[in-house]
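# Observations on chain architecture
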Amino acid sequence: MKDFEQQIEQGLRDMPEIPFSESLRWDILEAAHALGAPQASDGRHQSKRGRWRGKWQSFGVSAAGLGVAAAVVAGILVNHHAPQPAATMATIPADEIGLKPAQGLQVVGQPWYDSGTSPTIYATVKNTSSQPINKTQVYSVMWLGKSDNPLKGWSLVLADGPTEADRGPLQPGHTATWHFTLNVAGAHREILGNPPHVKFFVAGQSGHQMPEPVVTWNLAPITSEFISRTVTGDPNGLQYVRVIYKITNTGSKPLSINDFWGIDCFPDHNRPIHNWDDPGVTRYVDHPNVGKGTSKVIAPGQTIEVYFNWHVPSGISWVADEKPQVLFVQP
Amino acid sequence: MRGLLASDGRQPMNQFQQQNIEQLDEWMRHYGADVLNVAYSYVRNYAQAQDIVQDVFLRAFTKMDTFRGQSSVRTWLLSITANRSKDLLRSWTAKHVTVEEQVELGETGDTPEKTVVDRLEHSELWEAVSQLPVKYREVVVLFYLRELSGQEIAEILGATEQNIRTRLHRARGMLKEILTQRGWTHEGL
């Protein structure tokens, strides 16, 4: 038995640590920014409205037909095809994107995970509608974290909808187990201590006229320019895609790359992307990375180069052909 | 580094200012939790601890050019933290906001910060640490909770290493006495 004092010491060392919150950090950064560059008397602020509407519309006309959908955090998942709904007038404010909840899909109970060598998140999903639901008609948002806001999660994934055991559409009244295997390694495994959440949304509806309810995500005040895409690895095995963008902080506050997410969208067979959640789009999600020696904080007006590393499963060839588009969202 | 163009009507920051902001952010990422937890150990009030943290980092930001690197950034920041916390403990404010703090925390929802604060405040060991006089409590927190060496603690508190060792020894004895009086046993821990 340990000495009493030793046990006291161990108890002290095991005391929980109050986390240093992002909101506190930002309060301080803002205060420091104000000290370093005094606020002008008119307090003008650049409006974010109009920025992303124009950006996405410049991608071109809606891609009719088939496509791929899904994504990862630092991992994988891809594929499938579904008809594209007809485009209607956008009603989502241009500084937000809209997500339409898939009301016909009910997550039964709490999602759970198996934290084995390949940690996998599971959720039991029931089709409560009267129609079969194809996995491409919906997309899933999975995150690990204590917050109900996916954008505040430790990891964020946009992936497929559920399927039956035979990979076919989920029939009315049927229940299936949706799952997603995370590619987390080393120190990042600590994120598995956070509760998993899974929600489903209707694909191809963002920016379209749609009835409530709608979940909106804020766009980060960032513009971007595609620089390059490099594919390495074995086309028959795991491929790695590095996509480089130049991004500019168009807001009035410093932005850390850890405070926003990039949704990197690959079109299907070079069809133009109409919207980020089109069924024909493959979406990867992660915080951007910067090179060594580059600050992770982007000052207002500053432009820096960032990159994403995506892992792509074997048998996927489009990554070498398709030019991606990126949008940035923030809590 | 590229030039900066402020778009909100502020004066553009120069390169030096921008570098300092980036440096500040790095310090917060590395030492924010140290500063927050040490501040909280002094004042046991989360809102006040946050105020101290803000004060510490803004002081460090404005005095960045005076930091010569004789000590580590961590000990420098914690030295400011200890001094600011003791200033606040001596002030009128610290003696008059405890009840407000409880109300405020109760209304903030289940944040990770609140969860940990709740856990701490329900820990009998933490309660025992909190009963120690400040001069003993601070060495216990810095040594065990922040895992600093005797030499680092001596730098932070402006004392000799021998003095810190003595305080730590006495603090352990006091903790043992407090916990024993409460009926704690080996198994209780």
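### Observations concerning the overall build of chain B
On a plain count of helices and strands, chain B comes out with nine helices and zero strands. Secondary structure of chain B in N-to-C order comes out as α-α-α-α-α-α-α-α-α. Taken across its 189 residues, chain B has 48% of its residues classed as buried. Put simply, of all contacts in chain B between residues at least 6 apart along the chain, 66% involve residues at least 24 apart. Taken as a whole, chain B presents about 9,400 Å² of accessible surface, with 48% of it coming from carbon and sulfur.

### Some details on the pairing of strand 15 (residues 303-312) of chain A
Each regular strand displays side chains that alternate between the two surfaces of the sheet. All names here are of chain A. Counting buried residues along strand 15, seven of its ten residues qualify, which places the element largely inside the surrounding structure. The pairing of strand 10 (residues 239-249) with strand 15 spans ten bridges and is classified as antiparallel. In the strand pairing of strand 15, Thr-248 is matched with Thr-303.

### Some words on helix 7 (residues 134-145) of chain B
Of the residues making up helix 7 of chain B, those classed as buried are Tyr-136, Arg-137, Glu-138, Val-139, Val-140, Val-141, Leu-142 and Tyr-144 of chain B. Following helix 7 of chain B by one or two positions, Glu-147 of chain B adopts a phi angle in the positive range, close to 55°.

### Focus: unusual backbone geometry
All names here are of chain B. We note that Arg-44 has phi near 50°; this positive angle belongs to a residue other than glycine. Along the chain, Arg-44 turns up in the loop between helix 1 (15-43) and helix 2 (46-62). What makes Arg-44 partly exposed here is its relative accessible area of 28%. With a phi close to 55°, Glu-147 is a non-glycine residue in the positive phi region. With respect to the helices, strands and loops of the structure, Glu-147 is situated in the loop between helix 7 and helix 8 (150-157).

### What to know about helix 2 of chain B
Here helix 2 of chain B is 17 residues long and its end C-alpha atoms lie 24 Å apart, about the 24 Å a rise of 1.5 Å per residue gives. Residue Asn-45 of chain B occupies the N-cap position of helix 2 of chain B, its side-chain oxygen lying 3.1 Å from the main-chain nitrogen of Ala-47 of chain B.

### Re the pattern of salt bridges
Counted by the stated rule, this structure contains 15 salt bridges over all chains. Asp-25 of chain B serves as the salt-bridge partner of Arg-25 of chain A, at 2.6 Å between the closest nitrogen and oxygen. Pair noted here: Arg-25 of chain A is in helix 2 (residues 22-36) and Asp-25 of chain B is in helix 1, and the two residues belong to different chains. Asp-25 of chain B carries the same exposure label as Arg-25 of chain A, and that label is buried. Of the charged contacts in the structure, one is a salt bridge between Asp-55 of chain B and Arg-84 of chain B, with a shortest N-O distance of 2.4 Å. Of this pair, Asp-55 of chain B sits in helix 2 while Arg-84 of chain B sits in helix 3 (residues 73-90), and the two are 29 residues apart along the sequence. Residues joined by salt bridges that share partners form a network here, namely Glu-17 of chain A together with Asp-34, Arg-74 and Arg-146 of chain B.

### Focus on the side chain of Asn-37 of chain B
With respect to the helices and strands, Asn-37 of chain B occurs in helix 1. Only 2.8 Å separates the side chain of Asn-37 of chain B from the backbone nitrogen of Ile-18 of chain A, close enough to count as a polar contact.

### A short note on the sheet that holds strand 2 (residues 105-114) of chain A
Residues and elements named next belong to chain A. The three strands lie next to each other as 2-3-6, forming an open sheet whose pairing is antiparallel. Two strands in the sheet have a free side with no partner beyond their single neighbour: strand 2 and strand 6 (175-181). Taking each pair of neighbouring strands and ignoring which way they run, the sheet shows an average axis angle of 20°. Here strand 3 (residues 120-127) pairs with strand 6 via seven bridges, running antiparallel. Its bridge partner being in strand 6, Thr-124 is matched across the sheet by Thr-177.

### Quick word on the pairing of strand 3 of chain A
Residue and element names in this part refer to chain A. Within strand 3, six of the eight residues are buried, leaving the element largely enclosed by the surrounding structure. Summarising the sheet, strand 2 and strand 3 pair through seven bridges and their orientation is antiparallel. Across the sheet, the residue bridging to Gln-106 is Lys-126, located in strand 3.

### So, the side chain of Arg-74 of chain B
Residues and elements named next belong to chain B. With respect to the helices, strands and loops of the structure, Arg-74 is situated in helix 3. Polar side-chain contacts of Arg-74 include one of 2.8 Å to the side chain of Asp-34. Of the polar contacts made by the side chain of Arg-74, one reaches the backbone oxygen of Arg-146; its length is 2.8 Å. For Arg-74, the residues in contact, after removing those within four places along its chain, are Tyr-31, Asp-34, Arg-146 and Leu-148.

### Considering the environment of Ser-71 of chain B
The residue Ser-71 of chain B is located in the loop between helix 2 and helix 3 in this model. For the pair formed by Ser-71 of chain B and Glu-152 of chain B, sequence separation is 81 residues and the distance between their alpha carbons is 8.7 Å.

### What to know about the environment of Ser-85 of chain B
Looking at where Ser-85 of chain B falls in the secondary structure, it is placed in helix 3. Beyond its immediate chain neighbours, meaning those up to four positions away, Ser-85 of chain B contacts Ala-39, Tyr-42, Val-43 and Ile-52 of chain B.

### Points about the packing of helix 1 (residues 4-13) of chain A against helix 7 of chain B
Closest axis-to-axis distance for the helix 1 of chain A/helix 7 of chain B pair is 8 Å, and the angle between their directions is 75°. Here helix 1 of chain A lies roughly perpendicular to helix 7 of chain B, going by the angle between them. Mapping the contact onto sequence places Glu-9, Leu-12 and Arg-13 of chain A in helix 1 of chain A and Val-140, Phe-143, Tyr-144 and Leu-145 of chain B in helix 7 of chain B. For the contact of helix 1 of chain A with helix 7 of chain B, the class distribution of residues is five nonpolar, no polar and two charged.

### Focus: the packing of aromatic side chains
All names here are of chain A. Evaluation of the coordinates by the stated rule reveals 15 aromatic pairs over all chains. Seen from their ring centres, Trp-112 and Tyr-122 are 5.5 Å apart, and the 20° between their planes marks the pair as stacked. One end of the pair, Trp-112, is in strand 2; the other, Tyr-122, is in strand 3, with ten residues separating them in the sequence. We classify Trp-112 as partly exposed; its relative accessible area is 38%.

Procedures and definitions
Residues numbered from 1 in each chain as written. Chains lettered and ligands numbered in written order. Predicted model: local features only at pLDDT ≥ 70, side-chain atom pairs only at ≥ 80, totals over all residues. Heavy atoms only, no water. Helix = DSSP H or I, 4+ residues; strand = E, 2+ residues; numbered from the N terminus. Buried < 20%, exposed > 50% of the residue type's maximum accessible area, 1.4 Å probe, protein only. Contact = heavy atoms within 4.5 Å. Areas by Shrake-Rupley, 256 points an atom, 1.4 Å probe, with all protein chains shown as cover. Pairing = 2+ DSSP bridges. Expected span 1.5 Å × (residues − 1). Polar contact = N/O pair within 3.5 Å; in protein donor to acceptor, adjacent residues only side chain to side chain. Salt bridge = Lys/Arg side-chain N within 4 Å of Asp/Glu carboxyl O. Axes fitted to C-alpha atoms, helices over the stretch in contact; angles between N-to-C directions. Parallel < 35°, antiparallel > 145°, perpendicular 65-115°, else oblique. Nonpolar A, V, L, I, M, F, W, Y, C, P; charged D, E, K, R; others polar. Phe/Tyr/Trp six-rings, centres within 6.5 Å; stacked < 30°, edge-to-face > 60°.

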